[in-house]
Amino acid sequence: MFKNYLKVAFRNLIKNKVYSLINISGLAIGMAATIMIGLWIHDELSYNNHFENKAHVAQILQHQTINDETGTGPAIPRPLEFALRESYNDNFKHIIMSSWTQPRYLGYGEINLNREGNFMQEGATDMLSLNILEGKKNGLKEKNSIMLSQSTGQALFNSENPLGKTIKVNNEFDMVVTAVYEDIPENSSFKDTHYLMPWKQYITAQEWITNAVDSWGNNSFQMFVQINENTTMDVVTAKIKDVKKNLATDEAQFNPQIFLLPMKDWYLRSNFENGIQTGGRIENVWLFGIIGLFVLLLACINFVNLSTARSEKRATEVGIRKSIGSHRGQLIFQFLSESFLIVVLSYVFALALVLLFLNGFNNLANKDIIFPWANLSFWGVSLIFILITSFLAGSYPALYLSSFNPVTVLKGTFKAGRFAALPRKILVVTQFTVSIALIIGTLVVMNQIQFSKDRPVGYTKEGLIQIPVMSTEFVGKNDIMRNQFIASGGALEMAGMSSPTTNVWSNRSGYTWDEKPEGFQEDLAYTSVTYEFVGTLDLKLKAGRGFSREFATDSNAVILNETAVKYMGITDPIGKYIRDSDTEDPFTPLQIVGVIEDMVVQSPYSPVKQAMYVFEKYGNIAYYNLRLNPQNSVSKNLELIENTFKTNFPNLPFDYQFVDEEYGQKFRSEERIASLSKVFTGLAIFISCLGLFGLAAFVAEQRTKEIGVRKILGASVSQLWMILSKDFITLVVISLVIASPIAYYIMSQWLQKFSYRTDISWTVFFIACSGALIITLVTVSFQSVKAATSNPVDSLRTE
């Protein structure tokens, strides 16, 4: 019987080529989009799955409350390690202190590389379940040891065996390669860890790190832990929550609370607001999951609409089958079998589309997704996916077609009825409601990104490059390098900074000033800079001046941003003093010499943080900022600057970043969401238009004789076009009325997560509405004009 059903289904597909093509292509596109979204979601949800100990690994974070606002971050003090080992060690299998993942120079022979990595304590290799390809698993035991990723080892040593070879790090100290481990996958929080070096080396490398051993207020480190299998994250968090507050009396004023953030939450649920975990990328997973379901639903709606629209063509068949004894259940099974066949064919084409466009999708989504040919779970899910889609697409047509009365059908008096088209109209409205809502949502996302991009950043980022200076070789050479860079003709000016231009690496408190309110707990973004800071970045001074070589007292000067002046409540700030109560000489005040316009250096979607810029007198420069010479081409400037750099540091690689490109990186996540939204919105519109095209062809076919009569009676082509198009336009207008408030509400809620956000303009709705109407008219007009311009004699010949 099933074989007979398939034969009939194939004959119907071949007989109705246009409708079959619309059904199969619509479903194929919808299914392809859903498969790609499914692969993307799986990649997101499988983040960090590479680590065997994922369920038991966590990072130590802390809440701190300053002026009734709670902030959350991963920076912790060194003494916390000793407190946890001494009093809570039974809860942990591993307690691992770590530096921040930062780039460093790795040199071997003539090869010099810039790679990111970490200093970590022993046990990291076990906690991170590193796959050791060569060497020792306990490769961090010796102070002068280094473990390399496979790609870094190959880049440094080519075909040589790296084990036992000596690498010079930052051209300062020698490290011996003790192990090579397999590169950590891209969908991992440690994907940028290309080497590991011992914590013992790190804590003796710089004086401030050594001195931090007893400083509870110096939150400059990271800590990862692996809890024992006989406990849970919540239980351990409850035990250690107040350890810092109880042991560090000077920190108790900030109500610090220590807690574990499980590895499973690092990527998807890392956002906190006022001490409450509020989500993160998981919102995008839900968003695209819903979009995928809607795109598939739109394709199923096409199938339902076209199947029911052509019901009169199948009515005789149903009548005959019923008259010779077929039960309704058998007919339902037959039509579901036809649906299953169409869905299977569509799935085959969908797979072809996925394979064809997967590389482009990876580029768009910044992913490295590989089609899971050998994954049995994927094929099992695919089978379920096909069955569910077959049911969704075929259930209503099966129930509808199998309900025909055989007597009425065979008498030739069957008519679909006045309200037979109502479900189809509802489904068309549903299709375009979803499509229009997606258009509005995509436009709002794009507007928000552009609004933030157009935000004044307080400095001129174009024509500005930054060079990382990660070696002690640079110490004391700031003025020498500035003079040589300018003399080369490649740069107009240069300034050194302790943080990159597009970020802040340090936040400080412990300051006093004359107008400081009683009980006020300050938290200031802190950056040390050289004399030419204001001029090089082309900062806008609101009051006072920048640092100057003409004033010897500027070694104890400070520049504030506008937000800091308001935050600290200082009136007429120029010439007033700020004292650092944490220094050995608290009576050496910092004099405020300038106030600059706020610089956007962190999130472009958030308010600018209160910031202070002090003169750098200890040589702690992390970046050279160079203003390129506009008289030369960019390539010429870079050549001149590189030659100067290499003359002074021949054993170090020349690396640089354009500041405007680094700033642009802050928008990449939202831009990827917008790009993906545009693609899937376009697919949704295309699928909806496919269905509309099919329905328009059906309506035109149904009304062929009516059109012929109207033409004989003198109706013009434009009048006939209006008659055939107005019903569809009405449906789209209804969709606009429904979609607009829904989209407005959803996108208003989405915008709330941005402190710096755009408004939802009426132009968004105008563009979406106009676009939907134009698309509808273009889609319907092809069939309408074709029917309106046909020869009426042909349509009336049979009458």
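Throughout, residues of each chain are indexed from 1 in the direction in which the sequence is written. Reporting of local features is limited, given that this is a predicted model, to residues whose pLDDT is at least 70; pairs of side-chain atoms are given and counted only at 80 or more, and all residues count toward the totals for whole chains, interfaces and linings. Excluding hydrogens and water, the side-chain values take into account all heavy atoms of the structure.

This part is about a nonpolar patch on the surface. Each patch is built from residues lacking any salt bridge and having more than 30% relative accessible area; the joining distance is 9 Å for like charges and 5 Å for nonpolar side chains (Val, Leu, Ile, Met, Phe, Trp, Tyr). The method behind every accessible area is Shrake-Rupley, applied with a 1.4 Å probe, and residues are considered shielded solely by the protein chains displayed. Whenever Lys or Arg places a side-chain nitrogen within 4 Å of a carboxyl oxygen from Asp or Glu, that contact is recorded as a salt bridge. On the surface, a cluster of nonpolar side chains totalling about 630 Å² of accessible area is made up of Val733, Ile734, Val737, Ile738, Ile742, Tyr745 and Ile746. Among the residues examined, Ile746 registers a relative accessible area of 48% and is labelled partly exposed. Buried, partly exposed and exposed residues are distinguished by accessible area as a fraction of the type maximum, computed with a 1.4 Å probe on protein chains only: under 20%, between the cut-offs, and over 50%, respectively.

Okay, the nonpolar core next. Membership of the largest hydrophobic core comes to 64 residues, with the highest contact counts inside it found for Tyr459, Phe533 and Met599. In this text, helices come from DSSP runs of H or I with a minimum length of four residues, and strands from runs of E with a minimum of two, each type numbered from the N-terminal end. The leading source of residues in this core is helix 16 (residues 422-453), at 10 residues. Residues enter a nonpolar core if they are buried and are Ala, Val, Leu, Ile, Met, Phe, Trp, Tyr or Cys, with the set joined through side-chain atoms within 4.5 Å.

Next up on the list: the confidence of the model for the protein chain. pLDDT gives the predictor's per-residue confidence on a scale running from 0 to 100. For the protein chain, mean pLDDT is 84; residues scoring 70 or higher make up 86% of the total. Here helix 15 (residues 406-411) stands out as the least confident element of the protein chain, with mean pLDDT 52; strand 11 (residues 222-227) is the most confident, with 96.

Looking now at helix 8 (residues 233-240). Note that an α-helix has 3.6 residues per turn; residues three or four places apart therefore point the same way. Residues of helix 8 that are buried: Met233, Val236, Thr237 and Ile240. Buried residues of helix 8 fall within an arc of 100° about the axis and therefore sit on the same side. Turned more than 90 degrees away from the buried face of helix 8 sit Asp234 and Ala238, all of them exposed. Arc definition: directions from the helix axis to the C-beta atoms.

Inspection of the secondary structure puts Leu106 in strand 4 (residues 102-108). Note: C-alpha distance between Leu106 and Tyr195 (89 residues apart in sequence) is 9.8 Å. Discounting residues that sit within four places of it in the chain, Leu106 has contacts with Ile111, Asn112, Leu113, Arg115, Ile146, Thr152, Leu156, Ile167, Lys168, Val169 and Tyr195. Contact definition: two residues touch when any of their heavy atoms are within 4.5 Å.

Applying the stated criterion to the full structure yields 21 salt bridges. Across the pair Asp265 and Arg269 runs a salt bridge whose closest N-O atoms are separated by 3.8 Å. For Asp265, a relative accessible area of 6% translates into the label buried. Exposure remark for Arg269: the relative accessible area of 33% places this residue in the partly exposed category. We note a salt bridge from Lys609 to Asp523, for which the minimum N-O separation is 2.9 Å.

Two faces make up the sheet, and in a regular strand the side chains alternate between them. Burial along strand 10 (residues 195-198) is two-sided: the residues Tyr195 and Met197 and Leu196 and Pro198 are all buried. A pair of strands counts as paired when DSSP detects no fewer than two bridges linking them. Inspection of the sheet shows strand 5 (residues 111-120) paired to strand 10 by 3 bridges, in the parallel sense. Among the inter-strand pairings, Asn118 is bridged to a residue of strand 10, identified as Leu196. The pairing of strand 7 (residues 145-149) with strand 10 spans 2 bridges and is antiparallel. Bridge pairing links Met147 to Leu196 in strand 10.

Turning next to the packing of aromatic side chains. The criterion for an aromatic pair is that two Phe, Tyr or Trp rings (for Trp, the six-membered ring) have centres within 6.5 Å, with stacked assigned to planes under 30 degrees apart, edge-to-face to planes over 60 apart and tilted to the rest. The full count for this structure, using the stated rule, is 41 aromatic pairs. Between Phe547 and Phe615 the ring centres are 6.1 Å apart and the planes differ by 65°, which places this aromatic pair in the edge-to-face class. Note that Phe547 is positioned in the loop between strand 20 (541-544) and strand 21 (557-561) and Phe615 in strand 24 (residues 611-615), a separation of 68 residues in sequence. We note that Phe547, like Phe615, is buried. On the basis of an interplanar angle of 90° and a centroid distance of 5.7 Å, the ring pair of Tyr656 and Phe658 is categorised as edge-to-face.

This paragraph deals with unusual backbone geometry. Non-glycine residue Asn170 carries a positive phi angle of around 55°. With respect to the secondary-structure elements, Asn170 resides in the loop between strand 8 (166-169) and strand 9 (173-181). With relative accessibility at 7%, the residue Asn170 sits in the buried group. Although it is not a glycine, Asn171 adopts a positive phi angle of roughly 60°. Mapped onto the secondary structure, Asn171 falls in the loop between strand 8 and strand 9.

Looking now at the side chain of Thr758. Structurally, Thr758 can be placed in the loop between helix 24 (717-751) and helix 25 (762-788). Among the residues examined, Thr758 registers a relative accessible area of 15% and is labelled buried.

The buried fraction of strand 9 amounts to 7 of the 9 residues, a majority that puts the element mostly inside the structure. Examined bridge by bridge, strand 6 (residues 132-135) and strand 9 share 3 bridges and lie antiparallel to one another. Note on strand 9: the bridge partner recorded for Glu134 is Val180. As defined by bridge partners, strand 7 adjoins strand 9 across 5 bridges and the pair is classed as parallel. Directly across from Ser145, in strand 9, lies its bridge partner Val176. Strand direction decides the pairing type here: strand 8 and strand 9, joined by 4 bridges, are antiparallel. When the sheet's bridge partners are listed, Thr166 is paired in strand 9 with Val176.

The subject of this paragraph is the packing of helix 17 (residues 478-488) against helix 20 (residues 634-648). Lines are fitted to the C-alpha atoms to define the axes, a helix being fitted only along its stretch in contact, and any angle between axes, read from their N-to-C directions, falls within 0 to 180 degrees. The interhelical angle for the contact between helix 17 and helix 20, taken along N-to-C directions, is 140°, at an axis separation of 9 Å. Note on packing geometry: the crossing formed by helix 17 with helix 20 is right-handed. Between helix 17, through Met481, Gln484, Phe485 and Ser488, and helix 20, the contact on the second element is made entirely by Leu640, Ile641, Thr644, Phe645 and Asn648. Side-chain classes follow a simple rule in which Ala, Val, Leu, Ile, Met, Phe, Trp, Tyr, Cys and Pro form the nonpolar group, Asp, Glu, Lys and Arg form the charged group, and the remainder, Gly included, forms the polar group. Here the residues of the contact of helix 17 with helix 20 are counted per class, giving 5 nonpolar, 4 polar and no charged. Helix crossings fall into two classes, left-handed where the near helix is turned counterclockwise from the far one by less than a right angle and right-handed where it is turned clockwise.

Further remarks concern the side chain of Ser129. As for its position among the elements, Ser129 is in the loop between helix 4 (124-127) and strand 6. Among all residues touching Ser129, those that are not within four sequence positions of it are His50, Phe51, Glu52 and Asn53.

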